Amino acid sequence: MTVYPRRIMGVETEFGLTAIRDGKAVLGPEEIARYLFKPVVAQYKSTNIFTDNAARLYLDVGAHPEYATAECDSLTQLLNHDKAGEVLFNDLAAQTEKTLAAEGIGGDVYLFKNNVDSAGNSYGTHENYLISRELSLKNFGKRLLPFLITRQLLCGAGMIKNGRFVISQRADQVWEGVSSATTRTRPIINTRDEPHGDSSRFRRMHLIVGDSNMAEPSFALKIGSTQLVIEMLEADWDIPTFDVVEPIKHIKQIALDPTGQTELALKDDTTVTALEVQQAVLEAAKGWLAQRQDEGTPNAELEKVVELWGRTLTAIGTQNFEPVSGEIDWVIKRNLLERYRDRLGGDWNDPKLAQIDLAYHDINPRRGLFYHLQNKGLVQRWTTDEAIAHAATTAPETTRATLRAQFLDTARELGAHYTVDWVHMKVDRPEPQTVDVQDPFATEDVGVDKLVAYMHDNREVLGNAQGGIRG
Ligand SMILES: Nc1ncnc2c1ncn2[C@@H]1O[C@H](COP(=O)(O)OP(=O)(O)OP(=O)(O)O)[C@@H](O)[C@H]1O
Ligand SMILES: [Mg+2]
C-alpha cells in the first residue's frame, strides 16, 4: 500500500457571524453575510473566489462564511494557512464595520471560529487528507474510527451544553461512521468521491468530526496525530485494532467524560476505555515515528506532536491538567469558565458563561478572549505571526497551490476573463484555453507556464477584467 509521508491536506472552516449594536443583532444572518462579502463581490463579482494565497473563500447557502485552505503538504504549513483564513476574514469584518457605520447602521462585527451557534445549529470544520486510490475507504475509515471518536480528548474545543461542560462541540453532531452522504446523515468520514485530482491514483478523505481549534498546539495535535495514524494504517504497521460496536453512541459519551474512562464495548464482548484507545495508538505512533521517512511534515515536528499527545493523555489519566493548561483548547476554556463560574455563584447555566464560551472563539485578535490569553502568554504558540501573515498572502510553495497562485496573479494583473477551481484554470479570450493539474503534489507544470505566457502574449485582448471565478 502506498504510504504518503508527504501528504496533501486541507482544512475547511465555517464561521459563525453576527453584528451587534447596543447588545442586539443589527441585521439578519444572511444580510450581515452579504455585507461581509461586499468587498469580495466588488472586486471579483462573486461570493465564491480563490484568494491570492490560492485558498477558497466563499459563502454557501445559509449564512456561514467558509475558508478552505489551499493544498498543504506539512503540518505547520497547514496551521499557518488555517490561521491565515482568520486574518482574511478579520480584515473583511473590519471593512464591514466601516460600511455599517457609514450607512448609519453601526455595530460591531463578530466572526466566531466555533461549531455551534446560540440556537444550537452546527457548522463544520472539515479535514481533507489525500490517500491512495488502492485503499477501500469504507474499510480504512472503519479502522480509523476508534481513534477518531476518542481524538476529542486531545483537541476538542469544549463548550457548555445543557448545564454542563462537554469536551467537544461536534461530537453531538455526527450521526454515522462512514458513508457518502454529508448533510442528511453527517458521517464522521465522508466517502463522497471528489478527489480534486487524478481519480485513478488519489482519493480525498473528508473528515467532518473535528472541532475548530483556536489554540495552535491543539490544531497541531489534531492534524499531526491523525497524519501518523493514517500513515500507520497505510503501512500496515502493528497498530491495535478495536472493533467498537457502537462508535456513534460512544462519541457522545466520551464528550461528557473528561476522565477518558468511558467504556467502549467491543465486538468480542470485552471493553476498553477511551483513554486506553488513545494510549495504545500513541504507543504505536512512537514506534512508527522512530523509523519514519523524514518527508512532508518533518519528523522533528511530529516528535513535538507525540510529546504533547503523551503529556495530554497523562494529564487526563492523573486529572492534573496543569502541564497542558496552555495548549489544549478544551482545558484552556474549562479553566477560564470555571474561574468565572465560581465568581458568578457556581451555576453552569449562567448566561454570562455562555457569552464567555462564545467570546473565546472571537477571531478578532484585539477583542477575542482566546487572543487575550494568547497575547498575555498564557497560551503557547506553535507558529509565529510572521508565518501566518506570509500564508495570508502567499500560496503554499510546495504543492499545486503555487501554480494556481501564479495563474491568478497573472490573470488578475492583466485583467483576464478567467475561471478557476482546485484542478482547472481557464482563460476565455481570445480563445478558450483550459489547463488541468491533476497532481496536487505538482509545483511545476508546462501547461500552466504556457497559459501564463498566453495571457502575456494576448494582454491587449484578454477581457474586460470581469474576473468571474468558479469554485
Ligand atoms: N487531492 C486533495 N487531497 C486532499 N485535500 C485536497 C485535495 N485537493 C484539494 N484539497 C483540499 O480540500 C479542500 C476542499 O475544500 P472545498 O470547500 O472546496 O470542499 P468540497 O468538499 O470540495 O466542497 P464543499 O465544501 O463545497 O462541499 C481544500 O481545503 C483543499 O485544499
Ligand atoms: Mg467546503
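Residues numbered from 1 in each chain as written. Chains lettered and ligands numbered in written order. Predicted model: local features only at pLDDT ≥ 70, side-chain atom pairs only at ≥ 80, totals over all residues. Heavy atoms only, no water.

1. Brief notes about the coordination of the magnesium ion (ligand 2)
Around the magnesium ion (ligand 2), the protein supplies Glu12 (OE), Tyr58 (OH) and Glu66 (OE) as donor atoms, at distances of 2.0 to 2.2 Å. Within one chain, the residues donating to the magnesium ion (ligand 2) are spaced in sequence as E-x45-Y-x7-E. No difference in accessibility class separates Tyr58 from Glu66, as the two residues are buried. (Donors = N, O, S within 2.8 Å, 3.2 Å for Na, K, Ca; no water. Buried < 20%, exposed > 50% of the residue type's maximum accessible area, 1.4 Å probe, protein only.)

2. A short note on the pairing of strand 6 (residues 65–68)
Going residue by residue along strand 6, you find Pro65 and Tyr67 tucked away on one face and Glu66 and Ala68 tucked away on the opposite face as well. Note: strand 1 (residues 9–14) against strand 6, 3 bridges, orientation antiparallel. Its bridge partner lying in strand 6, Glu12 is registered against Ala68. In this sheet, strand 6 lies alongside strand 5 (residues 56–59) in antiparallel orientation, the contact comprising 4 bridges. What sits directly across from Tyr58, in strand 6, is Glu66. (Helix = DSSP H or I, 4+ residues; strand = E, 2+ residues; numbered from the N terminus. Pairing = 2+ DSSP bridges.)

3. Regarding the site of ligand 1
Every one of the 23 residues lining ligand 1 counts as a neighbour, but Arg56, Tyr58, Thr69, His196 and Trp422 are closest to it. Between ligand 1 and Glu12, the relevant distance is 3.0 Å, taken from an oxygen atom to a side-chain nitrogen or oxygen of the residue. The separation between an oxygen atom of ligand 1 and a polar side-chain atom of Tyr58 is 2.8 Å. If ligand 1 stood free it would expose 640 Å²; the protein chains cover 91% of that surface. Among the elements of the structure, strand 1, strand 5, strand 6, strand 8 (125–132) and strand 13 (202–207) are those that each provide at least two residues to the shell around ligand 1. Its residues assigned to classes, the shell around ligand 1 comprises 10 nonpolar, 5 polar and 8 charged. In terms of domain composition, the shell around ligand 1 takes at least three residues from each of domain 1 (9–391) and domain 2 (399–469). (Near = heavy atom within 4 Å. Polar contact = N/O pair within 3.5 Å; in protein donor to acceptor, adjacent residues only side chain to side chain. Areas by Shrake-Rupley, 256 points an atom, 1.4 Å probe, with all protein chains shown as cover. Nonpolar A, V, L, I, M, F, W, Y, C, P; charged D, E, K, R; others polar. Domains from an automatic or database assignment.)

4. Considerations on the UniProt feature "binding site: Mg(2+)" (unreviewed entry) in the protein chain
As annotated by UniProt and renumbered to match this structure, "binding site: Mg(2+)" (unreviewed entry) occupies Glu12, Tyr58 and Glu66. On the basis of their most widely separated C-alpha atoms, the annotated residues across 55 residues gather in one place, lying no more than 10.6 Å apart. Here Tyr58 lies in strand 5. We classify Tyr58 as buried; its relative accessible area is 8%. Setting aside residues no more than four positions away along its own chain, Tyr58 makes contact with Glu12, Phe37, Thr47, Asn48, His64, Pro65 and Glu66. Separated by 2.8 Å, the side chains of Tyr58 and Glu66 make a polar contact. Apart from residues lying up to four places away in sequence, Glu66 is in contact with Glu12, Thr13, Glu14, Arg56, Leu57, Tyr58 and Phe89. (UniProt positions renumbered as here; feature names shortened; annotations may be inferred. Contact = heavy atoms within 4.5 Å.)

5. A few points about the side chain of Ser122
In this fold, Ser122 is placed in the loop between strand 7 (108–112) and strand 8. A distance of 3.2 Å separates a polar side-chain atom of Ser122 from the backbone oxygen of Asn115. A polar contact of 2.6 Å, which involves the side chain of Ser122, links it to the side chain of Arg170. Those residues in contact with Ser122, other than ones at most four positions away along the chain, are Asn115, Val116, Arg170, Gln173 and Arg186.

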